Amino acid sequence: MSDFFKSEMVRGELQEITDLQMYCMRASSMMPALSPQKLIEYFDVLTTLIDKQKTFYARLALSDDEEAKEMAGLMRDMTILLGADPNDSMYAMFDQLIERVKEFRKVTEEKLAQDS
């Protein structure tokens, strides 16, 4: 394991990202049954997760550590495999995801207001 990944700060960030991912996976599997309030909570956590992933990617990309650079490359490759435009920057991709989640949150809030 490289020095980058031995850092307590990095390990803490990775644990936090993992915890947020687990929450989002559980919530998304129950999405049809979630109340509008729980959907809003899910969208907030998802936004936090994406933002933390963006920050972590930046740390990886800016690091001189070979393993960190390799992981940044793997993240980029995975987004392309999942349909991201290879010409887009990772930062733009993260920002687009956050905007989509905000749109879903807004629609859910509007539905909640109509139902009240």
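Anything mentioned here points back to the structure above.
Scope of this entry: the structure provided in the associated data block. Every value quoted in this text rests on a predicted model; they were computed, and no experiment measured them. (Residues numbered from 1 in each chain as written. Predicted model: local features only at pLDDT ≥ 70, side-chain atom pairs only at ≥ 80, totals over all residues. Heavy atoms only, no water.)

The next point concerns the layout of surface pockets. To find leftover empty space, a probe the size of one water molecule is rolled over the atoms. Taken as a whole, the largest pocket holds about 630 Å³ of empty space. Around the largest pocket sit 25 residues that line it, and Q21, L49, I50, Q53 and F94 are the ones nearest its centre. Of all elements in the fold, only α2 (8–29), α3 (36–62), α4 (66–81) and α5 (90–115) reach the threshold of two or more residues within the lining of the largest pocket. By residue class, the composition of the lining of the largest pocket is 21 nonpolar, three polar and one charged. Here the second largest pocket is characterised by a volume of approximately 170 Å³. Every residue lining the second largest pocket is listed: T79, L82, G83, A84, D85, D88, M93, Q96, L97 and R100. Per element, the largest residue contribution to the lining of the second largest pocket is four residues, and it comes from α5. The residue makeup of the lining of the second largest pocket, split by class, is four nonpolar, three polar and three charged. (1 Å grid on protein atoms, 1.4 Å probe; cavity = no way out; pocket = protein on both sides within 12 Å on 5 of 7 lines; lining within 4 Å. Points joined across faces, edges and corners; volume = space filled by probe spheres on them. Helix = DSSP H or I, 4+ residues; strand = E, 2+ residues; numbered from the N terminus. Nonpolar A, V, L, I, M, F, W, Y, C, P; charged D, E, K, R; others polar.)

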